[in-house]
Structures are given as C-alpha cells and as structure tokens.
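The lines below spell out each chain.
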Amino acid sequence: MGVFDSLLQPPERKALFMVGTGNSERKGIGCAVECEGKYYVLTCRDVASPEDAGADNEHEFILDRYCSNNPKHVGKHRLKTQDILCDDKRSFLRLPDGEVLSSHFLLSADDKKKEKVYSYFLSDDGKRAQSIDWLYDNTTRNYSLSVDRDLDRKNFLGSPVLYSDKNDKTFVVGVVGKEENTYYRSEEHTSELQSRPHIS
C-alpha cells in the first residue's frame, strides 16, 4: 500500500482546509467545526494567530477546502475571513455569517483516554490525505505518532486529532502543534466558543 493509498472518504475529507494568510503559501491545515449555529475552521496558533491578521486586521486568512481536483476547483472551495479567536495553542477562524458547511466535525470536551485517535497528513498538492494514528502509552500517559519519519509542517501542522465513537460519530479532541510527537488537547474548545459566540 502506498503512502497515500488510505484516502479520506466523503464527507469527512471535505471538512479539512489548507490555511494561509493573504498571498502567502500554505502554513498548515485545519478542520471545520460547528458551535451554536456558527462555523469555524479550527487549527493551531502556530498556523493562524492575531499577529498574522495584522494590527488592523488588514490581512485575510485564506481557507482552501480539501479537494481531489485541486487546483482546478480552488476558486469554488476557497473561503476568506478576518475573524479569529485564540488561546495560547489553538485558533478558531470564524466563517462569514450565513456560510453553511455540509461537512464538519463535532467538538469534544471529554478528556478521557481514547483507544484510538488519528490525524491526517496532506500531500503537497492538497489532493490526497493519509491517515496517521496516535498511540497511547499507559506508562507515560501520553500519545505519540505511530510513524517514525518527518512530516512536512505545512502538510500536518494544525491537523485535527480525531476520535470516532461506536456510533461512527467523529469528534475533534485536539490539534497538532509544533512540539514533536504531541498534540494540543481540546478540553476547553466548546466552552471557549460558547462564551464568545461572536468574534470581533
């Protein structure tokens, strides 16, 4: 089986976005989430921060949805926003009012150990995605990547860490950060958004 033979199947893959700022190249990836009727792209602060937006929000965040027909369909699947909500590790980019995404993940505030969590690594052209598992160590109580190789930052940084329950519902439980073999957990995602549903 090749590196990218394990492809995301619709609609899950359509919840992934490549994230950049202005005319800059891709800085990382994120995923669509929904909270109280508002849609956001969740990523890590290393990918999108208020500093990237500029002092007066003069720069827009460019969000290109994962598509197997890139770059042919870039214009069709491209979104832009200047609204950002951050903590010290995670960023939520709020999509314009009225924007509805058919594919998005659920947010989980549950910090209990999951038997299996996984992320996705995108190809350079953004057309393909490989599933990568996180392994839990009962001794250290930490997760680590199941692969022992370098992962290109722009193709993995900010990737959602996902968990699917027995009902096949998929939840975001964290995002990939810059620290090697670690991810930022998302216990506070839901309460953070509910406390500030409107971003300014």
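Everything numeric here is computed off the predicted structure, so don't read it as measured data.

1. Some words on the overall build of the chain
Here comes step 1: Across its full length, the chain holds four helices and 14 strands.
Here comes step 2: The contacts in the chain between residues at least 6 apart in sequence include a share of 63% that link residues at least 24 apart.
Here comes step 3: When the accessible surface of the chain is split by element, carbon and sulfur atoms take 42% of a total near 10,400 Å².

2. A word on the packing of aromatic side chains
Here comes step 1: Taken as a whole and judged by the stated rule, the model has three aromatic pairs.
Here comes step 2: The interplanar angle of 90° and the centroid separation of 5.6 Å between the aromatic rings of Tyr118 and Tyr120 together place this pair among those described as edge-to-face.
Here comes step 3: Owing to a relative accessible area of 8%, Tyr120 belongs among the buried residues under this scheme.

3. Some points on the sheet that holds strand S3 (residues 38-44)
Here comes step 1: Spatial strand order, S5-S4-S1-S2-S3-S7-S6: seven strands in an open sheet with antiparallel pairing. In this open sheet, the two edge strands, each paired with only one partner strand, are strand S5 (78-81) and strand S6 (84-86). When the angles between neighbouring strand axes are averaged without regard to direction, this sheet yields 35°.

4. A short note on the side chain of Ser91
Here comes step 1: Along the chain, Ser91 turns up in strand S7 (residues 90-94).
Here comes step 2: Note on Ser91: relative accessible area 0%, which makes it buried.
Here comes step 3: Here the side chain of Ser91 touches Ala48 through a polar contact of 2.5 Å, landing on its backbone oxygen.
Here comes step 4: With residues near it in sequence (within four places) discarded, Ser91 still touches Val41, Leu42, Thr43, Cys44, Arg45, Ala48, Ile84, Leu85 and Cys86.

5. A word on the pairing of strand S2 (residues 28-35)
When a strand is regular, its side chains alternate between the sheet's two faces.
Here comes step 1: Taken across its eight residues, S2 has seven buried, putting it largely inside the fold.
Here comes step 2: In this sheet, S2 lies alongside strand S1 (residues 16-21) in antiparallel orientation, the contact comprising four bridges. When the bridges of S2 are listed, Phe17 appears paired with Gly30.
Here comes step 3: Relative to S3, S2 is paired through five bridges, and the arrangement is antiparallel. From the neighbouring strand, Cys35 faces S3, where its bridge partner is Lys38.
Here comes step 4: Hairpin geometry of S2 and S3 is characterised by an intervening segment of two residues between the two adjacent antiparallel strands and by a positive phi of about 50° at Glu36.

6. Structural notes on the environment of Gln82
Here comes step 1: For Gln82, the position within the fold is in the loop between S5 and S6.
Here comes step 2: Relative accessible area serves as the criterion here: at 31%, Gln82 is assigned to the partly exposed category.
Here comes step 3: Residues Gln82 and Asp52, 30 residues apart in the sequence, show an inter-C-alpha distance of 9.9 Å.

7. Re the nonpolar core
Here comes step 1: The biggest cluster of nonpolar side chains holds 38 residues, and the ones touching the most others in it are Val33, Leu42, Leu63 and Leu93.
Here comes step 2: If you list the elements that add at least two residues to this core, you get S1, S2, S3, strand S4 (61-65), S6, S7, strand S9 (117-122) and strand S13 (170-176).
Here comes step 3: Each residue touching Val33, except ones within four places of it in the same chain, is listed here: Lys38, Tyr39, Tyr40, Leu42, Phe92, His104, Phe105, Leu107 and Val172.
Here comes step 4: Counting 11 residues, the second-largest nonpolar core is a separate cluster that includes Phe121, Leu145, Leu151 and Val176.

What counts as what
- Residues numbered from 1 in each chain as written.
- Predicted model: local features only at pLDDT ≥ 70, side-chain atom pairs only at ≥ 80, totals over all residues.
- Heavy atoms only, no water.
- Helix = DSSP H or I, 4+ residues; strand = E, 2+ residues; numbered from the N terminus.
- Contact = heavy atoms within 4.5 Å.
- Areas by Shrake-Rupley, 256 points an atom, 1.4 Å probe, with all protein chains shown as cover.
- Phe/Tyr/Trp six-rings, centres within 6.5 Å; stacked < 30°, edge-to-face > 60°.
- Buried < 20%, exposed > 50% of the residue type's maximum accessible area, 1.4 Å probe, protein only.
- Pairing = 2+ DSSP bridges.
- Axes fitted to C-alpha atoms, helices over the stretch in contact; angles between N-to-C directions.
- Polar contact = N/O pair within 3.5 Å; in protein donor to acceptor, adjacent residues only side chain to side chain.
- Core = buried A, V, L, I, M, F, W, Y, C linked by side-chain atoms within 4.5 Å.

Note that every value here comes from positions in space, so none of it alone points to a role or purpose.
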